[in-house]
Amino acid sequence: MSEPRSLLLDEPSMGLALVLVGIVFDTIRAINARCVAILLVEQNAAMALETARRGDVLETGTIALAGAAAELRGNVPVRAAYRGEA
């Protein structure tokens, strides 16, 4: 198990102080840079979409939107619902 090809993470930033959230996401990026595929489930949409290449937005268990993370970051409904922006 010293060379995993994938990593599944469920809410890695839940309940952490902001400084630790940054460290966790830096670590996720470093792991991904070593050619490890990462499946990340995260409610911190801002950090998740800054880190991910692709994303799926779930609403009541159904995929409501899917696409490139950059596109989702700019999507007005996503910004309003998950990032608190208008």
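Please refer to the structure higher up on the page.
Thresholds applied
Residues numbered from 1 in each chain as written. Predicted model: local features only at pLDDT ≥ 70, side-chain atom pairs only at ≥ 80, totals over all residues. Heavy atoms only, no water. Pairing = 2+ DSSP bridges. Helix = DSSP H or I, 4+ residues; strand = E, 2+ residues; numbered from the N terminus. Buried < 20%, exposed > 50% of the residue type's maximum accessible area, 1.4 Å probe, protein only. Core = buried A, V, L, I, M, F, W, Y, C linked by side-chain atoms within 4.5 Å. Contact = heavy atoms within 4.5 Å. Salt bridge = Lys/Arg side-chain N within 4 Å of Asp/Glu carboxyl O.

Caption draft 1: Examining the pairing of strand β4 (residues 62–68) more closely. Here strand β3 (residues 54–59) runs beside β4; their pairing, made up of six bridges, is antiparallel. Note that in β4 the partner of D56 across the bridge is A66. In sequence, β3 turns back onto β4 through a hairpin of two residues, with T60 there showing a positive phi of about 45°.

Caption draft 2: Focus on the pairing of strand β1 (residues 6–10). Where β1 meets strand β2 (residues 37–41), five bridges bridge the pair, whose relative direction is parallel. Bridge pairing in β2 links L7 to I38.

Caption draft 3: Structural detail: unusual backbone geometry. A positive phi angle, near 55°, is found at E11, a position not held by glycine. Within the element layout of this structure, E11 appears in the loop between β1 and α1 (18–33). E11 sits in the buried class, given a relative accessible area of 17%. Of note in the backbone geometry, C35 takes a positive phi value of approximately 65° without being a glycine. By the secondary structure assignment, C35 is in the loop between α1 and β2.

Caption draft 4: Quick peek at the nonpolar core. Grouped together as the largest cluster of nonpolar side chains are five residues: L49, V57, A69, L72 and V78. In this structure V57 touches T62, I63, A64, L65, L72, V78 and Y82, once residues within four positions along its chain are discounted.

Caption draft 5: Broad picture of the pattern of salt bridges. Scanning the entire structure with this criterion turns up two salt bridges. In this structure, D26 and R29 form a salt bridge, with 2.9 Å as the shortest nitrogen-oxygen distance. Pair noted here: D26 and R29 are both in helix α1, with a separation of three residues, about one helical turn. Using a relative accessible area of 48% as the deciding quantity, one classes D26 as partly exposed. The partner of E50 in a salt bridge is R73, with the nearest N and O atoms 3.6 Å apart. Taken together, the residues E50 in helix α2 (residues 45–51) and R73 in helix α3 (residues 69–74) connect sequence positions 23 residues apart. Given a relative accessible area of 47%, E50 falls into the partly exposed group.

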